[in-house]
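Summary of the model geometry
Listed below are the residues making up each chain.
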Amino acid sequence: MKPAPFDYVRAHSVDEAVRTLAEADGDGKILAGGQSLMPVLALRMARPRVLVDVNRIPGLATITPTGSDVRLGALVRHARLVEQPHHPLLAEAARWIGHTAIRSRGTSGGSIAHADPSAELPVVAAALEATVHIAGPGGTRAETATSFFAGPLETTLAEDEMITAVDLPVPSRWGFAEFSRRHGDFGLVLVVAAEVAGRWRLAIGGVGGVPLRPAEAEQLLNDGAEVDAVAAAAAAETQPQSDIHASADYRRAMTAEFVRRALASHGKRAAA
Ligand SMILES: Cc1cc2nc3c(=O)[nH]c(=O)nc-3n(C[C@H](O)[C@H](O)[C@H](O)COP(=O)(O)OP(=O)(O)OC[C@H]3O[C@@H](n4cnc5c(N)ncnc54)[C@H](O)[C@@H]3O)c2cc1C
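By the naming in an unreviewed UniProt entry, the chain goes by FAD binding domain-containing protein and is assigned to Amycolatopsis carbonis.

Rendered as structure tokens:
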């Protein structure tokens with residue numbers, strides 16, 4: 001199928017992008033890498049009246065270490081994350097995103113905005129309690145990833161707002177483990193374990209509507225409990241759905257196993 005007709009606007013600044021979205025009055029969509037939006041348009045699951053192409057806005061494609069964080073501009077392509085030396089957890093997670101063509105076009109801002117609970121960047125952002133920087137017609141705001149993800153493919157972004165950057169703390173130790181049926185597929189289950197400022201956090205993707213932060217499992221981990229107890233607690237905190245890819249029970253069992261694997265690899269150290 002082909003998309004329904006739309007007007008195309010190439011924005012040259014963040015102000016122009018959010019103003020155009022505001023003028024579209026809820027009927028506009030940002031176009032970044034197009035790797036999630038274009039299939040949705042082609043299937044006519046969305047029919048925006050205006051597409052606002054943000055690819056030519058200067059200054060949004062930078063990766064900047066800022067003290068204990070790394071700031072990702074919204075237009076940083078996934079392929080660049082794999083190569084960057086500042087945030088090894090991010091580099092590892094980005095390797096699991098789709099295939100070469102998808103990583104070449106897909107952007108950090110697009111992935112966070114799309115908010116797929118099985119996607120790597122939202123799960124990393126949730127684990128690290130990343131700060132999402134957002135611009136709208138009334139100014140800018142910042143929100144923590146944990147509250148930003150509101151449901152499957154749902155965020156707190158207003159229709160006339162755009163993500164400009166995401167700040168991700170660099171963990172001192174971390175582990176990442178993902179299971180997908182074929183390399184490049186979305187994960188059935190993916191787990192991030194990250195130690196930030198002396199405290200471990202866990203985030204699990206593929207087991208609910210948003211990346212899950214299993215509070216009890218995190219507490220056990222920080223109290224020095226056995227890995228098996230942490231893994232069992234994490235699995236018990238999931239609320240996975242059965243679908244054509246896997247049953248809920250299978251996802252729960254895989255959660256326990258992949259928490260174990262993420263923790264087994266947690267000796268990895270972030271670059272200074
Ligand atoms: C075959 C295939 C396999 C894939 N596999 C994976 C995978 O394994 N893991 C994974 O994480 N992803 C995967 N993806 C998705 C891919 O990573 C996308 O690039 C990403 O989800 C969206 O980024 P994008 O830049 O392409 O955004 P777009 O497709 O351009 O936009 C996606 C949505 O985000 C909005 N948006 C985009 N940028 C912004 C912004 N700056 N501010 C506010 N809203 C914005 C758009 O309006 C739209 O609603 C896959 C895609 C395909 C087609």
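From this point, the discussion proceeds with the structure in view.
All right, on to the sheet that holds strand E1 (residues 7-10) then. With parallel pairing, the three strands of this open sheet are ordered in space as E1-E3-E2. The two strands at the open ends of the sheet, each matched to only one other strand, are E1 and strand E2 (28-31). Between one strand and the next, the sheet's axes are offset by a mean angle of 25°, whatever the strand orientation. In the packing of helix H1 (residues 14-23) onto the sheet, contacts are made with E1, E2 and strand E3 (50-53), and the angle to E3 comes to roughly 170°.

This part is about helix H11 (residues 248-264). For H11, with 17 residues, the first-to-last C-alpha span of 24 Å sits near the 24 Å given by 1.5 Å per residue. Listed in full, the buried residues belonging to H11 are Ala248, Arg251, Met254, Thr255, Ala256, Phe258, Val259, Ala262 and Leu263. Along its buried surface, H11 packs onto strand E11 (173-179), strand E12 (189-196), strand E13 (199-205), helix H9 (215-222) and helix H10 (227-237).

The next subject is the nonpolar core. By size, the foremost hydrophobic cluster in this structure holds 37 residues, and its most contacted members are Leu81, Leu89, Ile112, Val124, Leu168 and Val192. If you tally residues by element for this core, the top one is helix H7 (residues 120-127), at six residues. In terms of nonpolar packing, the next biggest core, distinct from the first, is built from 21 residues, Val189, Ala193, Trp200 and Val207 among them.

Moving on, we come to the site of the ligand. Around the ligand, the surrounding shell holds 30 residues, and the nearest of these are Ile30, Gly34, Leu37, Thr107 and Glu120. A distance of 3.5 Å separates an oxygen atom of the ligand from a polar atom in the side chain of lysine 29. Glycine 184 is positioned such that a nitrogen or oxygen atom in its backbone is 3.4 Å from an oxygen atom of the ligand. In the complex, 87% of the free accessible area of the ligand, which totals 970 Å², lies under the protein chains.

Within the UniProt annotation, "domain: FAD-binding PCMH-type" (unreviewed entry) is assigned to residues 1-173. The distance from the first to the last C-alpha atom of residues 1-173 is 46 Å, and the span holds 32% helix and 27% strand.

We now examine the packing of H9 against H10. As a packed pair, H9 and H10 sit with axes 7 Å apart at the nearest point and diverge in direction by 170°. Between H9 and H10, the interaxial angle falls into the category roughly antiparallel. As for the relative orientation of H9 and H10, their crossing is left-handed in sense. Contact with H9, carried on its side by Ala215, Glu216, Ala217, Leu220 and Leu221, involves Ala229, Val230, Ala233, Ala234 and Glu237 of H10 and no other residues of that element.

This part covers the side chain of serine 180. Considering the arrangement of structural elements, one finds serine 180 in the loop between E11 and E12. The buried category is assigned to serine 180, whose relative accessible area is 11%. A polar contact of 3.2 Å, which involves the side chain of serine 180, links it to the backbone oxygen of arginine 182. In this structure serine 180 touches Trp96, Asp185, Phe186, Gly187 and Leu188, once residues within four positions along its chain are discounted.

Looking now at the sheet that holds strand E7 (residues 139-144). Pairing in this open sheet of five strands is antiparallel, and the strands run E4-E5-E10-E6-E7 from one edge to the other. Two strands bound the open sheet, and with one partner strand each, they are strand E4 (63-66) and E7. The average undirected angle you get between the axes of adjacent strands in this sheet is 20°. Bridging between E4 and strand E5 (residues 69-73) involves four bridges; their strand directions are antiparallel. The residue of E5 that forms the bridge with proline 65 is valine 70. Running at roughly 125° to strand E10 (residues 162-169), H1 makes contact with strand E6 (131-136) and E10 of the sheet.

Bringing unusual backbone geometry into the picture now. Although it is not a glycine, arginine 44 adopts a positive phi angle of roughly 60°. Structurally, arginine 44 can be placed in the loop between helix H2 (37-42) and E3. For alanine 115, which is not glycine, the phi dihedral falls at a positive 55°.

Procedures and definitions
Residues numbered from 1 in each chain as written. Predicted model: local features only at pLDDT ≥ 70, side-chain atom pairs only at ≥ 80, totals over all residues. Heavy atoms only, no water. Pairing = 2+ DSSP bridges. Helix = DSSP H or I, 4+ residues; strand = E, 2+ residues; numbered from the N terminus. Axes fitted to C-alpha atoms, helices over the stretch in contact; angles between N-to-C directions. Contact = heavy atoms within 4.5 Å. Expected span 1.5 Å × (residues − 1). Buried < 20%, exposed > 50% of the residue type's maximum accessible area, 1.4 Å probe, protein only. Core = buried A, V, L, I, M, F, W, Y, C linked by side-chain atoms within 4.5 Å. Near = heavy atom within 4 Å. Polar contact = N/O pair within 3.5 Å; in protein donor to acceptor, adjacent residues only side chain to side chain. Areas by Shrake-Rupley, 256 points an atom, 1.4 Å probe, with all protein chains shown as cover. UniProt positions renumbered as here; feature names shortened; annotations may be inferred. Parallel < 35°, antiparallel > 145°, perpendicular 65-115°, else oblique. Left-handed = near helix turned anticlockwise from the far one by under 90°.

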